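# Structural features, examined
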Amino acid sequence: MVQKSMASDALGAVAHMKKSGMLKILTAVLIVGALLLIIGSIALPSDKENDGGDASEDIATGRLDFYEYKKDLEEEIESLCGTVSGVGYVNAVTFFDEIGGSIYAQNTQSGGAQDKAEYVIIGSGSSSHALYIGESLPKLSGIGLVCNTGGDISKRNELVALLSAAYGLPMSRIYVTESGK
């Protein structure tokens, strides 16, 4: 009996809304809300997309894109070398021994013939995972530079010394050549 009473009350409310025009307004509001949800989910970029920021921002947040880092480093080298007096057009290429990656905590035990290392696992069951520490940077191993120095060998030597000091590379891992442009 209570269920019939509630059903008749609901039908009475709907009939009242129909008479007063409220049902049309409620339907319109629901349709507009649904459209806004659909448009918002299509138009807004997801968190996984690259926001176009530089590699240093990615490193700070633990997301390192090797190719973005490489491009940013080459632009930095080109900008630095372009400020040297007597140097015109500059194009840099970087070389790496390692591309970096995620670093996880490890327990190490030494003794006997071999050292033993195990990753530190936190959580239990399906929520267990290795303890993340951060990202390692790619290891720069060489720089190639093509630029206009007017054929001045002392400018080339100056660029090699500058890059060696700035990036901690031996001078033998930096090559500077004259541009044909």
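For the structure itself, consult the block above.
What comes next is a walk through the structure. Every value quoted in this text rests on a predicted model; they were computed, and no experiment measured them.

### Re the side chain of S164
- Here S164 shows up in helix α5 (residues 153–167).
- What makes S164 buried here is its relative accessible area of 15%.
- Looking at S164, its side chain comes within polar contact range of the main-chain oxygen of L169, at 2.6 Å.
- If near-sequence neighbours (up to four positions away) are discounted, S164 is found in contact with L169, P170, M171 and I174.

### Looking at the packing of aromatic side chains
- With the rule as written, the count across this model stands at five aromatic pairs.
- Ring centres 5.2 Å apart and planes at 75° place the aromatic pair F66 and F96 in the edge-to-face group. Taken together, the residues span a long stretch of sequence, with F66 in helix α4 (residues 66–82) and F96 in strand β1 (residues 90–98) at a distance of 30 residues.
- Note on F66: relative accessible area 15%, which makes it buried.

### Observations regarding the sheet that holds strand β8 (residues 139–147)
- Overall, mixed pairing links the three strands, which are arranged β1-β8-β9 in an open sheet. Among the strands making up the open sheet, the edge pair consists of β1 and β9 (174–178). Averaged over neighbouring strand pairs, the angle between their axes works out to 15° when direction is ignored.
- Bridge count between β8 and β9: five bridges; the pairing is parallel. Paired with L145 across the bridge in β9 is V176.
- On top of the sheet, α4 reaches β1 and β8; it is set at about 135° to β1, its chief contact.

### Quick word on the packing of α4 against α5
- For the pair α4 and α5, the least separation of the axes is 11 Å and the interaxial angle reads 135°. In this view, α4 runs oblique relative to α5, as classed from their interaxial angle. The two elements α4 and α5 meet at a crossing, and its hand is right-handed. Together, L73, E76, I77, L80 and C81 of α4 and L159, L162, L163, A166 and Y167 of α5 make up the contact between the two elements.
- Within the contact of α4 with α5, the residues separate by chemical class into nine nonpolar, no polar and one charged.

Cut-offs used in this document
- Chains are numbered independently. Their residues run from 1 in the order of the written sequence.
- The predicted nature of this model means local features are confined to residues of pLDDT at least 70 and side-chain atom pairs, given and counted, to a pLDDT of 80 or more, with totals for whole chains, interfaces and linings taken over all residues.
- Side-chain metrics in this entry use all non-hydrogen atoms of the structure; hydrogen atoms and water are not considered.
- Working definition: helices are DSSP H or I runs of at least four residues, strands are E runs of at least two. Numbering for both runs from the N terminus.
- Only protein chains enter the accessibility calculation, which uses a 1.4 Å probe; a residue is then buried when its area is under 20% of its type maximum, exposed when over 50%, and partly exposed in between.
- Two N or O atoms form a polar contact when they lie within 3.5 Å of each other; inside protein one atom must be a possible hydrogen donor and the other a possible acceptor, and for residues adjacent in sequence the pair counts only when both atoms belong to side chains.
- Contacts: residue pairs with any heavy atoms within 4.5 Å of one another.
- Aromatic rings from Phe, Tyr and Trp, taking only the six-membered ring of Trp, are treated as a pair when their centres fall within 6.5 Å; an angle between ring planes under 30 degrees marks them as stacked, one over 60 as edge-to-face, and anything in between as tilted.
- At least two bridges found by DSSP between two strands is the condition for calling them paired.
- For helices, the fitted axis covers only the stretch in contact; all axes are lines through C-alpha atoms, and the angles between them, taken along N-to-C directions, range from 0 to 180 degrees.
- Our angle categories are set so that under 35 degrees counts as roughly parallel, over 145 as roughly antiparallel, 65 to 115 as roughly perpendicular, and the remainder as oblique.
- With the far helix as reference, a near helix turned anticlockwise by less than a right angle produces a left-handed crossing, and one turned clockwise produces a right-handed crossing.
- Following the grouping adopted for this structure description, the nonpolar residues are Ala, Val, Leu, Ile, Met, Phe, Trp, Tyr, Cys and Pro, the charged ones are Asp, Glu, Lys and Arg, and the polar ones are all others, Gly among them.

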